[in-house]
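# Structure at a glance
Letter by letter, the chains look like this.
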Amino acid sequence: MRMSKLLMPTLREVPAEAEITSHKLMLRAGMIRKLAAGIYSYLPLGLRVEKKIEQIVREEMNRAGAQELLMAALLPAEAYQASGRWEVFGPSMFKLKDRNDRDFCLGPTHEELFTQTVIDNVRSYKEYPMTLYQIQTKYRDEGRPRFGVMRSREFVMKDAYSFDLTEEGLDASYKAMYDAYCAIFTRLGLDFTIVDADSGAMGGSGSQEFMVKSPVGEDGIAYCDACGWAANFEKAECIPTEVPSPEGDLPIEKIHTPNAHTIEELVEFMGAKPYNFVKTILYKADDKYIAAMVRGDREVNEVKLKNLVGCTDDLELAEPFAVRELTHAEVGFAGPVGLDIPVYVDKEVELMKNFIVGANETDMHYKNVNMGRDFTPAVIADIRIITDGDVCPKCGKPIKTAQGVEVGHIFKLGTKYSKALGLTAQTESGEVADVIMGCYGIGVTRCLAASIEQNNDENGIIWPVSIAPYHAVVVPVNSKNEEQVRLAEKIYNELLDAGIETLIDDRDERPGVKFKDCDLIGIPVRIVVGKKCGEGIVEYKERVWDKAEEKTVDGAVKDVIEFIKSNI
Ligand code: ATP
Ligand code: MG
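A short tour of the structure in this document, coming up.

Conventions we followed
- Residues numbered from 1 in each chain as written.
- Chains lettered and ligands numbered in written order.
- Predicted model: local features only at pLDDT ≥ 70, side-chain atom pairs only at ≥ 80, totals over all residues.
- Heavy atoms only, no water.
- Pairing = 2+ DSSP bridges.
- Helix = DSSP H or I, 4+ residues; strand = E, 2+ residues; numbered from the N terminus.
- Salt bridge = Lys/Arg side-chain N within 4 Å of Asp/Glu carboxyl O.
- 1 Å grid on protein atoms, 1.4 Å probe; cavity = no way out; pocket = protein on both sides within 12 Å on 5 of 7 lines; lining within 4 Å.
- Points joined across faces, edges and corners; volume = space filled by probe spheres on them.
- Axes fitted to C-alpha atoms, helices over the stretch in contact; angles between N-to-C directions.
- Contact = heavy atoms within 4.5 Å.
- Near = heavy atom within 4 Å.
- Polar contact = N/O pair within 3.5 Å; in protein donor to acceptor, adjacent residues only side chain to side chain.
- Areas by Shrake-Rupley, 256 points an atom, 1.4 Å probe, with all protein chains shown as cover.

Another aspect to go through is the sheet that holds strand β17 (residues 343–346). With mixed pairing, the 5 strands of this open sheet are ordered in space as β16-β14-β15-β17-β20. If you trace the sheet from one side to the other, it starts and ends with β16 (316–317) and β20 (379–381), each paired once. In terms of strand pairing, strand β14 (residues 278–285) meets β16 through 2 bridges, oriented antiparallel. Across the sheet, Tyr283 pairs through a bridge with Leu317, a residue of β16.

Applying the stated criterion across every chain yields a total of 48 salt bridges. Lys254 is paired through a salt bridge with Glu361; the nearest N and O atoms lie 2.5 Å apart. Placement of the pair is Lys254 in strand β13 (residues 253–256) and Glu361 in the loop between β18 (355–358) and β19 (364–369), with a sequence separation of 107 residues. Several salt bridges share partner residues, and in doing so they unite Arg295, Asp297, Arg298, Asp346, Glu348, Arg384 and Asp390 into one network.

With that out of the way, let us pick up the layout of surface pockets. The space that makes up the second largest pocket amounts to roughly 450 Å³. Lining of the second largest pocket is provided by 22 residues; of these, Thr280, Ile281, Gly332, Phe333 and Ala334 occupy positions nearest its centre. Elements supplying a minimum of two residues to the lining of the second largest pocket: α7 (263–270), β14, α9 (320–327) and β18. Looking at the lining of the second largest pocket, the element that brings in the most residues is β14, giving 5 residues.

The next point concerns the sheet that holds strand β31 (residues 549–552). The strand order across the open sheet formed by 5 strands is β28-β27-β29-β30-β31, and the pairing between neighbours is mixed. Each end of this open sheet is capped by a strand with a single partner; those strands are β28 (502–504) and β31. Across this sheet, the average inter-strand angle for adjacent strands is 25°, counted without regard to direction. In this structure, strand β27 (residues 472–476) lies alongside β28, joined through 3 bridges in parallel fashion. Bridge pairing links Val474 to Ile504 in β28. The strands touched by helix α12 (residues 482–497) are β27, β28, β29 (525–529) and β30 (537–542); relative to β27, the strand with the most contacts, the crossing angle is about 170°.

In the vicinity of ligand 1, 14 residues are found, and the nearest of them are Arg140, Glu142, Arg151, Ser152 and Glu406. At a separation of 2.9 Å, an oxygen atom of ligand 1 approaches a polar side-chain atom of Arg140. Within the side chain of Glu406, an N or O atom sits 2.6 Å from an oxygen atom of ligand 1. If ligand 1 stood free it would expose 580 Å²; the protein chains cover 82% of that surface.

See below:
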């Protein structure tokens, strides 16, 4: 491709709308342009990378025995109404009506449609097991679209669904996808971690996420270098730890704590440690209220708590008016003593004695509170968020934590959708049973952003060869120098003939501009044809190198071909 003809509107300035590196670089490299919040157009360079990621995903899906098909994105409401997700998705679903006032949505994910496709088209149990997939544009009206294509409202996802007649069959289908995902993310050049993930209150028997560690990730992940255990914070099991408590069975005491609302203010006021307190937090769970208690230096894990409560909607903090009504106090003084709603207590609180809680009275706290004696919990369970300083639930060694970007998710669904929509099959022995499903997603466009987050420097993107928009670029330093241009064209054609996707920077620009653009768009290897071209000498530079090397023309061409072929 001739860069003089390439639609590549690079920017020198960092666009104000972009917060994170990958978003800034995708805009600066002329890969994408914004149309509205979370909605982007892909320009040629962006689209080439996106298509390469799709192709790697496709090859590995096919290798794993999955079959590609393509569903509509504009979908009638019925299947989602049957599964209940027409409501569950809430405002995240783009809903619309046709001219006859029938309800439609833009597909956010396709479990229902794949289930329906199998119901309508699979005739015999002999056709199972089966894994179907598509690579398709999805629509979600995200509450906070941000970070460019990392969390957008229109994005490309690969979604696959497996259909099995036995649990062992599901395990095998799941394992095949697990292996395919490892192959995909390795080929994409991503440094990834596989974590145990939450599979929700009722759905599924197992789930794992493929995470790219990055400070811009929106998921917390905990991992253990000693034994390899890793889990999403949402799922990570916490081992209770004991902290010093006042000794003996001390009598409960009410204390006046004016203007002390936060744990920090109370610590100061009462001369205790944060771990001598137990926080009581009131939540709204669907249409009921509950309380959750964790040690003063811990945080409530709302996903674990939601699963335990078994509510449909996400938990929400109780509204201030509800807190006032339930505790008869201003916000900030809730406690378990005399509280008339179910109290969910974190396991760790069981190890505590004579602790401090709110007294359900403005400006008042209780000290020397003991569970069992002073209040009765409804449930005691692990409801806190794991943190640095915790130990691995598998081997007991200290864990580490990091932020992660979820690039893929594999999930044993079980029979949730086959039950809801009526997908059954006769087994060999003649019984009729619900078909057992799994679902498997990859955020194709999110992978672009994740790759850039992991592969960049102050000059721009550093593409892995496997997904680079072009492999190599040939730069004549002076586009008006005929000798340079002639040699550059010769090298360009030789590389094209060798199957190397090559750019030639034939633009009438200053060399500095050309070099800056090559670095910004992240082309893995560059040949510069300059002053020494008369002697048959050119400069060869891989994008990751600081400095170029002088080589003969033939040597440089050979090295480019070798470098690309061995890294693709
Ligand atoms: P998240 O927790 O990040 O919102 P999710 O768990 O809702 O994602 P899934 O339903 O598991 O997402 O979708 C499969 C994959 O699609 C995710 O692993 C992610 O890579 C990608 N994905 C999901 N939402 C978005 C989005 N808004 N923009 C880009 N990619 C997305
Ligand atoms: Mg997910």
